[in-house]
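Commentary on secondary and tertiary structure
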Amino acid sequence: MLLAVDVGNTNIMIGVFNDQKVVTCWRLATDWNSTEDELGITVKSLLHHSRLSSRDITAVAISSVVPPLMYSLERMAEKYFSVKPLVIRPDTQTGMKILLDNPSELGADRMVNALAGYTLYGGPLIIVDFGTATTFCAISKEGHYMGGAIAPGLGISVEALFEKAAKLPRVELIRPPAVIGKSTIASLQSGIVYGFVGQVDGIVRRMAKEFSAPPLVVATGGFASLIAQESETIARVNPLLTLEGLQIIYRQQQEKTRLSNKIPKR
């Protein structure tokens, strides 16, 4: 089985794949100071809770936007699962053409999302990832990564509001009963949810004008379902898109290794 690990600034998503099917997945808070032992023991406990064993894990694939955690993650894979992990880096060959001025700037999560989205849905495509930042990735009909947009995420925007406005209470982020709030809490929920819905729909519509054909819009990330239920542009929600991308890249690399081993040596 494959252990797929996607490390974001706020959360770590972990999934176990048997062949191409996800068996189970978990979401953890990201702690930049976690050691390989803390990570290893946590993952082994989660596996045990799902009636799986560390012996079931035969491969590990990692994407991360938190460089300080990379050493601990790689050591965890080697120490607790006895495998050398596949780490997704800017130079990882996925077969997707990156049309950025500097392709090395593309984050591992956005690269993985783009490949997963195009593999699962084809193109043209816009992927909206609701993470610490809200990212918009544009993929052409031919499967080329065209570029995108990055905006402050819902979570950090809300935290900034509560920190700077002393009298505003913290509220549960749920769909408000109406746009016109009848209380401070309802007004906050309306402003936050519909404000981000408007941001997403506005950016997507402007991006869509730069495509030659209407793109499919797919959302992923922690707040994807909340925003998608009110959005006029989001057509699909796939909360496991990044993890699926990791298993797709892992299979790609395995196939390359298999084919290279079949080439006769002279």
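For the structure itself, look to the data block above.
Remember, it's a predicted structure, so these values are computed and weren't measured experimentally.

Observations concerning helix H4 (residues 154-164)
Every buried residue of H4 is accounted for by Leu154, Val158 and Phe162. Looking down the long axis of H4, one finds its buried residues gathered within 60° of arc, a one-sided arrangement. The exposed set on the far side of H4, more than 90 degrees from its buried face, consists of Glu163 and Lys164. In this structure, the buried residues of H4 make contact with strand S7 (133-139), strand S8 (145-152), helix H5 (184-208) and helix H6 (224-228).

Let's talk about the sheet that holds strand S1 (residues 2-7)
Here five strands make up an open sheet; going across it, the order is S3-S2-S1-S4-S5 and the pairing mixed. Lying at the two open borders of the sheet, with one neighbouring strand each, are strand S3 (21-29) and strand S5 (86-87). Across the sheet, helix H1 (residues 36-49) touches S1, strand S2 (11-18) and S3, and the angle it forms with S3 is around 135°.

Brief notes about empty space enclosed by the protein
A complete count under the given rule lists one cavity of 30 Å³ or more for this structure. For the largest cavity, the calculated volume is near 40 Å³. Every element with two or more residues in the lining of the largest cavity is listed here: S2, H1 and helix H2 (70-81). Taken together, the residues of the lining of the largest cavity break down into eight nonpolar, no polar and no charged.

Observations concerning the sheet that holds S8
Across the sheet, five strands lie side by side as S8-S7-S6-S9-S10; this open sheet has mixed pairing. One side of each edge strand has no neighbouring strand; the edge strands of this open sheet are S8 and strand S10 (236-237). Alignment of strand S6 (residues 125-130) against strand S9 (residues 216-221), held across six bridges, turns out to be parallel. When the bridges of S9 are listed, isoleucine 126 appears paired with valine 217. Along the sheet, helix H3 (residues 108-121) contacts S6, S7, S8, S9 and S10; its crossing angle with S6, the most-contacted strand, is approximately 135°.

Observations regarding the side chain of threonine 134
Tracing the backbone shows threonine 134 in strand S7. Among residues more than four places away in sequence, those in contact with threonine 134 are Val128, Asp129, Ala149, Ile150, Ala151, Pro152, Gly153, Leu154 and Phe196.

Calculation criteria
Residues numbered from 1 in each chain as written. Predicted model: local features only at pLDDT ≥ 70, side-chain atom pairs only at ≥ 80, totals over all residues. Heavy atoms only, no water. Buried < 20%, exposed > 50% of the residue type's maximum accessible area, 1.4 Å probe, protein only. Helix = DSSP H or I, 4+ residues; strand = E, 2+ residues; numbered from the N terminus. Arc of directions from axis to C-beta. Contact = heavy atoms within 4.5 Å. Pairing = 2+ DSSP bridges. Axes fitted to C-alpha atoms, helices over the stretch in contact; angles between N-to-C directions. 1 Å grid on protein atoms, 1.4 Å probe; cavity = no way out; pocket = protein on both sides within 12 Å on 5 of 7 lines; lining within 4 Å. Points joined across faces, edges and corners; volume = space filled by probe spheres on them. Nonpolar A, V, L, I, M, F, W, Y, C, P; charged D, E, K, R; others polar.

Without other data, these values stay purely geometric and don't point to any function.
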